Amino acid sequence: MEHRKWFVSLIGAGLALGMPLQGFAQEAAGEEVPAVEAESAAPAEMPPQEVSDGGVEAVREAQEGEPAPAEPKFKSAQQVLKQIAKEKGWDEGWDEAKKRTIVIESADFKTADPATDASFFIKREMAAKKAVLTAKVAIIQTINQEMSAMDLVNMPGSDVNKALGAEREKLNTELAQQKELLASMLEKVDKAEADVLRGTTFGDRLNDLMAAAIRKLDQEYEADARDKKAQAQYEQARKEFEVAQKKYAELTEKAEAMQADVRERQDSAVESMAKMPLYGSSVIMQTESWDKSTGKYQVSVILCWSYAMERAARAVVTGEEFRIKPNANGKSVQKWLDSQNPATMVGPRQYVDGQGNRWFLGVTARAYDDELASSARRRNKGIAEMYAQQMAAFCLWADVESYKLAQTALESRGDDKVQRDIVAENYAEKLTQSFSKKKIRGMQKLFSDEVTHPITGTTIYVAVYGINPNAAKAALEIEKLNYATKVMDNRHQTVERGRDAANQAAVKASENRKEDFQKGYNQQKKAVEGEVQKREAVKKPAKGTNIINRGTSNAPARTKQSTSGTFGGDVDVSDDF
């Protein structure tokens, strides 16, 4: 299939409100070629209202804009979308003059080949949802968020003493005992040296004095070999001192190593939380790209919220009649969808039609190849239609929540001469949008068809659902009519049950009447006797006479065989419903 020979570098920008689609393609070999493209009483009636603000203008600009020009060099979806936004003056952030906020966000995933990736369309949809949710979080963080932050610099010298303090104290006690014992022995040989030894604290000076004392005592005890007991005591004291001294040296080395391990630590952290409802946000433009060299598939969106969009969403959720100033070039939403390429659309959309109805739309797709089992195709169709409704509803109702945590740590390790820095970072986030048990009126299927996806060449089922304030108001009216009819139906059914009861009572009363029984008896007796007399008068047929049923066919039975094709019995259906 030709689609499988090419990969799309960028699916056309302008997938939102009325902009024709333009794609970008690259041949697998590297040659660049453009691709073809809550239930309550009915609210009081309100007159149609006209609203105009920057959000409306953004929608109309997207609807009336020209296709994005084909790029000679590969650009990611986000790069192209940012370029288009810049050219149209759709600056990110809050626009005080136009009373709107615009956010550009992207999400991506890896796929070696979308054509052979069985879960490609699910990944694509989830990436679009992630980009939309991230953009909504950016909006609510601008409005209201709670933040905590910390910067810390720590020189952990005290930690070494804490870790080794008990062991150090024990060794100090042992060394002090051995030093006193050796000093007592040295006092007999050289009192002045013994006094100096007693007055020396631990360190290099003590080590030197102890070494000198041991040499002098070695000579003394070697010369006076007659006092074997004293010599044995000395040897024992010297060995114990040497053991304690070795342990002390090891402890000192360990402490120095620990001190050199972490000379300084610096920590920084920031935590933010945001939570609020958001009514009336929608994607006004979307691009998609796939880079064959890296396998990265990217979905980018421009999300807009404005005063007028919120007003339209409010009209939907409260059942008001509401219109904005009609667009002279606007089409019906169905005709607009017919002019689009739904195969390259996914996620929420918004469209303003020629009657001033602002539609909130949801678009999604699932694989629908003939090779799939009928049950799998039905499942994929049902999933696509459910998620299309979800995306449209999230334009109206969205309780958005965000939790983000960023942490950075830097440790400087080494000694006084040489140090090395080690850096570590951590990021955690949880983003959600949700709503529960909302009464939704006016949600309707606007488009559904089997189309070919330009990248994969796969047949997909695309579903588009939408809702607007007047459709919601009309749904409320339709509901009222049907419930009123239900009330009348129930009353009439009660009348019918009364008729049934009267019928049954009449039937019951007519049972087992004696005169009726006797009448029937007499009639049947007379009839039977008359039939017997008639039969006795009829002559029998002659022998050998053949009785032939000429209506019987001797032709063999015809074999049943199905015929492929599409058939329909509803040929002439009047438009009277």
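Up top you'll find the structure we're talking about.
This one's a predicted model, so the numbers in the text were calculated from it and none came from an experiment.

(A) Inspection of the overall build of the protein at higher detail. Helices and strands together make up the secondary structure of the protein, namely 13 helices and 15 strands. The burial tally for the protein puts 38% of its 577 residues in the buried class. In the form shown here, the protein has an accessible surface area of approximately 35,000 Å², with 51% of it arising from carbon and sulfur atoms.

(B) Here's a closer look at the environment of Val-270. Residue position: Val-270 is located in strand E7 (residues 264–277). Expressed as a C-alpha distance, the spacing of Val-270 and Ala-406, which sit 136 residues apart in the sequence, is 5.4 Å. Each residue touching Val-270, except ones within four places of it in the same chain, is listed here: Met-147, Ser-148, Ala-149, Lys-404, Leu-405 and Ala-406.

(C) Representation of the pattern of salt bridges in the model. Taken as a whole and judged by the stated rule, the model has 21 salt bridges. A salt bridge links Lys-82 to Glu-92; the nearest nitrogen and oxygen atoms lie 3.0 Å apart. Here the residue Lys-82 occupies a position in helix H3 (residues 77–88), and Glu-92 occupies one in the loop between H3 and strand E4 (93–95), the gap between them amounting to 10 residues. Given a relative accessible area of 34%, Lys-82 falls into the partly exposed group. For Glu-92, a relative accessible area of 43% gives the class partly exposed. One salt bridge connects Arg-314 with Glu-310, and the closest N-O pair in it is separated by 3.0 Å. Residue Arg-314 and its partner Glu-310 are located together in helix H9 (residues 307–318), separated by four residues, close to a single helical turn. Residue classification places Arg-314 among the partly exposed positions, given a relative accessible area of 37%. Salt bridges sharing common partners tie together Glu-125, Lys-129 and Arg-366.

(D) Representation of the packing of helix H4 (residues 120–143) against helix H11 (residues 374–396) within the structure. Two elements in contact, H4 and H11, have axes whose closest approach is 13 Å; the angle formed by their N-to-C orientations is 10°. By the angle class used here, H4 and H11 are roughly parallel. From H4, Glu-125, Lys-129 and Lys-136 reach across to H11, where they touch Tyr-387, Gln-390, Met-391 and Phe-394. Looking at the contact of H4 with H11 residue by residue, the classes come out as three nonpolar, one polar and three charged.

(E) Representation of the pairing of strand E10 (residues 347–352) within the structure. In terms of residue burial, E10 counts as a mostly covered element, since six of its six residues are buried. Counting the residues that bridge the hairpin from E10 to strand E11 (residues 358–367) gives five residues, and of these Gly-356 lies at a positive phi of roughly 85°.

(F) Quick look at the packing of aromatic side chains. Applying the stated criterion across every chain, the model contains 10 aromatic pairs. Here Tyr-368 and Tyr-461 contribute two aromatic rings whose centre-to-centre distance is 5.4 Å and whose plane-to-plane angle is 40°, an arrangement assigned as tilted. Of this pair, Tyr-368 sits in the loop between E11 and H11 while Tyr-461 sits in strand E15 (residues 459–467), placing them 93 residues apart in sequence. With a centroid separation of 6.0 Å and an interplanar angle of 45°, the aromatic rings of Trp-397 and Phe-435 are classed as tilted. With Trp-397 in the loop between H11 and strand E12 (399–414) and Phe-435 in the loop between strand E13 (419–434) and strand E14 (444–452), this residue pair connects regions lying 38 residues apart in the sequence. We classify Phe-435 as partly exposed; its relative accessible area is 26%.

(G) View of the nonpolar core. The biggest cluster of nonpolar side chains holds 46 residues, and the ones touching the most others in it are Val-333 and Val-462. Aside from chain neighbours lying at most four places away, what touches Val-462 is Pro-342, Ala-343, Val-363, Thr-364, Ala-365, Phe-447, Ser-448, Asp-449 and Val-451. If you look at the next biggest cluster of nonpolar residues, it comprises 14 residues, including Ala-315, Cys-395, Leu-396 and Ile-467.

(H) Inspection of the sheet that holds E13 at higher detail. One open sheet holds the four strands; their spatial order is E6-E7-E12-E13, and the pairing between them is antiparallel. Of all the strands in the sheet, just strand E6 (146–154) and E13 have a single pairing partner and so form its edges. The average undirected angle you get between the axes of adjacent strands in this sheet is 5°. As defined by bridge partners, E12 adjoins E13 across 16 bridges and the pair is classed as antiparallel. Bridging from a neighbouring strand, Leu-410 pairs with Val-423 of E13.

(I) Quick look at unusual backbone geometry. Notably, Lys-99 is not glycine yet its phi reads approximately 55°, a positive angle. Within the element layout of this structure, Lys-99 appears in the loop between E4 and strand E5 (100–110). Although it is not a glycine, Asn-512 sits at a positive phi angle of roughly 65°. Mapped onto the fold, Asn-512 is located in the loop between helix H12 (469–509) and helix H13 (514–537).

Thresholds, definitions, all that
Residues numbered from 1 in each chain as written. Predicted model: local features only at pLDDT ≥ 70, side-chain atom pairs only at ≥ 80, totals over all residues. Heavy atoms only, no water. Helix = DSSP H or I, 4+ residues; strand = E, 2+ residues; numbered from the N terminus. Buried < 20%, exposed > 50% of the residue type's maximum accessible area, 1.4 Å probe, protein only. Areas by Shrake-Rupley, 256 points an atom, 1.4 Å probe, with all protein chains shown as cover. Contact = heavy atoms within 4.5 Å. Salt bridge = Lys/Arg side-chain N within 4 Å of Asp/Glu carboxyl O. Axes fitted to C-alpha atoms, helices over the stretch in contact; angles between N-to-C directions. Parallel < 35°, antiparallel > 145°, perpendicular 65-115°, else oblique. Nonpolar A, V, L, I, M, F, W, Y, C, P; charged D, E, K, R; others polar. Pairing = 2+ DSSP bridges. Phe/Tyr/Trp six-rings, centres within 6.5 Å; stacked < 30°, edge-to-face > 60°. Core = buried A, V, L, I, M, F, W, Y, C linked by side-chain atoms within 4.5 Å.

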